Amino acid sequence: MGDDDIGTLRLRRIPILNGFESVSSAAVELPKTSESPQLLKIRHSMSHVMAMAVQQLFPSARVTIGPWTETGFYYDFDNPDPFTEADLKAIKKGMIKIINKKLPLERVEVSRSEAEERIKAQNEPYKLEILEGLQEPITLYTLGKEWWDLCAGPHVEHTGQLNPKAFELESVAGAYWRGDETKAQLQRIYGTAWESADQLAEHKRRIEEAKRRDHRRIGNDLDLFSIEDEAGAGLVFWHPRGARMRLLIEEFWRQAHFAGGYELLYTPHVADISLWKTSGHLDFYSESMFGPMEVDEREYQLKPMNCPFHVLTYASTLRSYRELPIRWAELGTVYRYERPGVMHGLMRVRGFTQDDAHVFCLPEQISDEILRILDLTEEILSTFDFTNYEINLSTRPEKSIGEDAVWELATKGLVEALERKGWSYKIDEGGGAFYGPKIDLKIEDAIGRMWQCSTIQLDFNLPERFKLEYVAADGSRQRPIMIHRAIFGSLERFFGIMTENYAGDFPFWLAPEQIRLLPVTDEVMSYAEKIQQSLRKAGVRCNIDQSGDRLGKLIRTGEQKKIPVLAVIGAQEAEHSTLSLRSRLQGDLGEVAVDALLQAAKKANEQRDATLDLPMATPIGAS
RNA sequence: GCCGGUGUAGCUCAGGGGUAGAGCAACUGAUUCGUAAUCAGUAGGUCAGCGGUUCAAUUCCGCUCACCGGCUCCA
C-alpha cells in the first residue's frame, strides 16, 4: 500500500509547541535490537554488567534472567529489599566503573556437572533452575575474574566496547519468576543502551514524544473525556468534544456497515443469568464479569459480550438457507471486571463499546465473508490513516471442540480470504480459541507502535450451545457457521490509539471544533456571528472566540487547542466578505471568500478529508 | 491482584507539626488591538478519603481509594 500522504504531511508541518519539538527529521537512526547484531551484543553485555554491579552493591541479590529488549535490556533479581530509584544511581555508577575497567567477556563451555557445581558454590537457586532446562553444550560468560553468568551470548569482547555515555537505567518494576504470578516476586531493573550518546538522546526524545502523544494527557488538555474517581475506575465520561468525535466515528461506521451489507441491532445491557449459563460464559468467563443482580427474584447479568444476544436474535425465528449470510452489527456496550491496577486511560477500561458483528453463514460462504470483512476493515481503518497492518492467523489448539473436517474447512476459508486479499500474515499454530480459528490484526501508528484492534473469529461453539439452525435446500435442519468480528475492537480503545496516532491533531472531518472565528475587534462581531450561523447550518462545527483577547492570544489559544482552521476576521474581511484562514496542517491559506470556505468545509466533511481543498487566495494586504 | 512510586486550586507545580503558595486557566474591569501570551483586579483548596499519634496533623504513622511505571491478564 502506498505512502500515507496525509501522515507525512502532518509530520513535517507540525509547528513547535511549548518548546516540545514534535516528530522531527530524525537524522539519528535507532535500530531495534533484532535488527542490529552490534546492539544485541551491547545490550546483552550491559545486562551482565548491571547484574555484576548489583551484586557488588547488594551481595544478597540473587540473579535470575537478563535478556535484551528491542530498545535495551533488563535483569530480574531476587533481593530481600526492593530497589528504589535512588539505588539506580548507585548501580549506574558501579556499571560505569566496570565499563571503564575494560573487563573481558569470555565464553566458556562447561559440562553440566561443572556448571552445577559452580552455581551451587555461589548459591544461585534460580540459575540452577535455569540450568535444568538447558540443552548441551552449556556455556557461560565470564566478566573479568570475579563474575560470570550462564549465557548463550553473544557479547562484546570487553566492557571497553560499551559506551558509558550511551546507557541509562530507566526504571524498577516488580516481575514474577518465569512470568508466573504464583511464583516468587522479583525486582526488575530496565535499562537502555546504545552505540552513541546521540542515539541515547534520540531514544529519550522519542520517549518524550510518546508522552506528548499520550491520549490521557491530550484527552484532558482538549477536554475530550475523563474518568471520575467518584464513579469508579475504568468508567469513561465522554465530554461534549469527545462525544462529538465519537458520534462522527459511529456515523461513519454505520454508513460503512450498511454499505457493506450489514443490518444493525440494539440489544439489552443485562439478561437473565440462564442465558449466560447456556452460552457458557458463566462457566468460563465469570471471573471477568460484574456480579449478578437480583430483580423480582430473578437473577440478571450485566453483559460482558454481545454474542449471546445476537444468537438469540437469530434463533427468534426459523431461518432458511436463502437468508444466509446474515450480517448483524451492533455498537454494544459491555462491562468486564478488570483487576485493580490494570486500568489504563481509554486503553483498558471496565465499561466499553465494541463494534461487534456476527455473521451467520454456510460453510462454503466462509471465504467470501472473511474477504468482505477484510475489505471493510481496511476501508474503516485507513480512513483514520492506519494503513500498515500485521496479521496473525491462529489455528486449532490441542484442546478444542468441533469436527476435524469443519476446522479444516474453516481454516482453509480464512487462508483463502487472506490470499485473495493479498495480505501477508503469520501463522500462530495452535493459537486459536477452543471454539474456532481466528485472524487478529494489529495496526501501526505514526510513531511505529503496533496496536491490536481488529479480530475475526470463527465459532463452532455458540451455534451448538444454542442449537442454531437453518433449513437447507433439501429441507433438512443444518447448523450455521458463526463469525464474530470487531474492527475497532472497542471504541474507547480505538479512540485512544487514534488520538495518539494524530497526537491530538485530528483530521478536519473529525475535529470536534473545525473552524474557530477570531474577531480582531468587537466591531466585527455581528459579521462573525453571521458566518458562524451559515457554517453551522452547513454542518460545519464552528465557534467564535468570545474572549476579547488580542489576535496573538486568540491564535495561541486556538493552536494550543489544536483547532484545524483559525479564521481571522477584521475590518478588512468584513468589508470583503472574506476570512483570513490559518490552517494548522497547511499553514497560511490567505484571504478566502466565505462561500469558498463553506464549500470546501462541506466537501472535506463529506469526503472525510484531513485538510481543506482551497485555492490560495490573495495574500493579506495585496489589494 | 503483585512490586515500586505519586496524590496540595481546572492544569503544571512549590511548601511544610502551629489557620495554604506561584504561574497558567476562570471571572471582573480597562484596552478595540492583524497571525503564538495587553494590563490591572477578583475568586478559587475539608492539602484524595478514613483512622491513629499529638495541646495542635495538610505535614508523622496505619488502612482504603485513585493515578503513574512495570508484572500478570486483556478489547
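This section reports on the structure supplied with the text. (Residues numbered from 1 in each chain as written. Chains lettered and ligands numbered in written order. Predicted model: local features only at pLDDT ≥ 70, side-chain atom pairs only at ≥ 80, totals over all residues. Heavy atoms only, no water.)

Considering empty space enclosed by the protein
Under the counting rule described, the total for this entry stands at 3 cavities of 30 Å³ or more. Empty space within the largest cavity amounts to approximately 80 Å³. Per-class residue counts for the lining of the largest cavity are 7 nonpolar, 3 polar and 3 charged. (1 Å grid on protein atoms, 1.4 Å probe; cavity = no way out; pocket = protein on both sides within 12 Å on 5 of 7 lines; lining within 4 Å. Points joined across faces, edges and corners; volume = space filled by probe spheres on them. Nonpolar A, V, L, I, M, F, W, Y, C, P; charged D, E, K, R; others polar.)

Section: helix α13 (residues 404-421)
Each full turn of the α-helix corresponds to 3.6 residues, which orients residues three or four apart in the same direction. Spanning 18 residues, α13 covers 26 Å between terminal C-alpha atoms, matching the ideal 26 Å at 1.5 Å per step. As for α13, its buried residues are in contact with α12 (366-383), β16 (389-394), β18 (438-444) and β19 (450-459). Gly422 lies just past α13 and shows a positive phi near 80°. (Helix = DSSP H or I, 4+ residues; strand = E, 2+ residues; numbered from the N terminus. Expected span 1.5 Å × (residues − 1). Contact = heavy atoms within 4.5 Å.)

With respect to the side chain of Gln301
You can see Gln301 is positioned in strand β13 (residues 298-302). For Gln301, a relative accessible area of 1% corresponds to the buried category. For Gln301, the side chain forms a polar contact with the main-chain oxygen of Phe290, separated by 2.8 Å. Here Gln301 is in contact with His269, Val270, Ala271, Ile273, Trp276, Met289, Phe290, Gly291 and Pro292, once residues within four sequence places are set aside. (Buried < 20%, exposed > 50% of the residue type's maximum accessible area, 1.4 Å probe, protein only. Polar contact = N/O pair within 3.5 Å; in protein donor to acceptor, adjacent residues only side chain to side chain.)

Looking at the layout of surface pockets
Quantified by volume, the second largest pocket comes out at close to 970 Å³. Along its surface, the second largest pocket is lined by 37 residues, and Tyr285, Met305, Arg336, Gln354 and Gln457 are the ones closest to its centre. Put simply, the parts of the chain that give the lining of the second largest pocket at least two residues each are α10 (281-284), β15 (351-361), β19, α14 (462-465) and β22 (481-490). Examining the composition of the lining of the second largest pocket, we find that 6 residues originate from one element, β22, more than from any other.

Some words on the protein's contact with RNA strand B
In the vicinity of RNA strand B, 54 residues are found, and the nearest of them are Tyr176, Gln185, Pro340, Arg348 and Glu573. Within the contact set of RNA strand B, a sugar or linking oxygen lies 3.3 Å away from a side-chain nitrogen or oxygen of Arg493. Contact distances for RNA strand B include 2.7 Å between a phosphate oxygen and a side-chain N or O atom of Lys553. Sorting the residues of the surface near RNA strand B by element identifies β6 (167-176), β7 (185-193), α7 (215-221), α17 (551-560), α18 (571-576) and β26 (578-583) as the ones contributing at least two each. (Near = heavy atom within 4 Å.)

Regarding the environment of Pro37
Within the secondary structure layout, Pro37 lies in helix α2 (residues 37-57). Pro37 sits in the exposed class, given a relative accessible area of 64%.

Quick notes on the sheet that holds β16
Within the open sheet, the 8 strands sit side by side as β10-β14-β15-β22-β19-β18-β16-β17. Their pairing is mixed. A strand with exactly one partner marks an edge of an open sheet, and here the two such strands are β10 (263-264) and β17 (426-428). As judged from the 7 bridges shared by β18 and β19, these two strands associate in the antiparallel manner. The residue of β19 that forms the bridge with Glu444 is Met450. Helix α8 (residues 240-259) rests against β10, β14 (326-335), β15 and β22 of the sheet, and its axis sits at about 160° to β14. Running at roughly 40° to β22, helix α15 (residues 491-502) makes contact with β14, β15, β18, β19 and β22 of the sheet. (Pairing = 2+ DSSP bridges. Axes fitted to C-alpha atoms, helices over the stretch in contact; angles between N-to-C directions.)

Considerations on the sheet that holds strand β3 (residues 105-110)
If you trace the 3 strands from one edge of the open sheet to the other, you get β3-β4-β5, paired in antiparallel fashion. Edge positions in the sheet fall to β3 and β5 (147-150), since each of these pairs with one other strand and no more. The sheet shows a mean angle of 30° between the axes of neighbouring strands, taken without regard to direction. With 6 bridges connecting them, β3 and strand β4 (residues 138-143) associate as antiparallel partners. When the bridges of β4 are listed, Val108 appears paired with Leu140. Relative to the sheet, α2 contacts β3, β4 and β5, its axis offset from that of β5 by approximately 125°.

Looking at the side chain of Asp355
Mapped onto the elements, Asp355 comes out in strand β15. Looking at Asp355, the relative accessible area reads 0%, which means it is buried. A distance of 3.1 Å separates polar atoms of two side chains, one belonging to Asp355 and the other to Trp253. At 2.9 Å, the side chain of Asp355 forms a polar contact with the backbone nitrogen of Phe488. Excluding its chain neighbours within four sequence positions, the residues that come into contact with Asp355 are Trp253, Glu330, Leu331, Arg485, Ala486, Ile487, Phe488 and Gly489.

Here we look at the nonpolar core
Ile370, Phe384, Ile443 and Met498 are the most contacted members of the largest nonpolar core, which totals 63 residues. A total of 8 residues in this core trace back to one element, the largest contributor, which is α12. By size, the runner-up hydrophobic cluster in this structure holds 34 residues, among which are Met50, Tyr75, Ile99 and Trp147. (Core = buried A, V, L, I, M, F, W, Y, C linked by side-chain atoms within 4.5 Å.)

Looking at the pairing of β22
For β22, a buried count of 10 out of 10 residues is recorded, marking the element as mostly surrounded by other parts of the structure. Here 7 bridges tie β15 to β22, and the two strands are oriented antiparallel to one another. Bridge pairing links Cys361 to Ile481 in β22. Here β19 runs beside β22; their pairing, made up of 5 bridges, is antiparallel.

A look at a negative patch on the surface
On the surface, Glu294, Asp296, Glu297 and Glu299 cluster together into a negatively charged patch. Structurally, the position occupied by Glu299 is in strand β13. (Patch = residues over 30% accessible without salt bridge, like charges linked within 9 Å, V, L, I, M, F, W, Y side chains within 5 Å. Areas by Shrake-Rupley, 256 points an atom, 1.4 Å probe, with all protein chains shown as cover. Salt bridge = Lys/Arg side-chain N within 4 Å of Asp/Glu carboxyl O. Lys, Arg positive; Asp, Glu negative; His and termini not counted. Charge placed at Lys NZ, Arg CZ, Asp CG, Glu CD.)

Here's the deal with the pattern of salt bridges
Oppositely charged side chains can form a pair if their charged atoms are brought close together. Within this structure, the stated rule accounts for 42 salt bridges. Taking the shortest distance from any N to any O, the salt bridge between Glu129 and Arg178 comes out at 3.4 Å. Pair noted here: Glu129 is in helix α5 (residues 125-132) and Arg178 is in the loop between β6 and β7, with a separation of 49 residues, a long-range link. Given a relative accessible area of 30%, Glu129 falls into the partly exposed group. Put simply, Glu209 and Arg213 hold a salt bridge, and the shortest N to O gap is 2.6 Å. Of the two residues, Glu209 and Arg213 both sit in helix α6 (residues 197-213), 4 residues apart, roughly one turn of that helix. As far as the burial class goes, Glu209 and Arg213 line up, both buried. Connected through salt bridges with shared partners, the residues Arg241, Glu513, Arg516 and Asp545 form a single ionic network.

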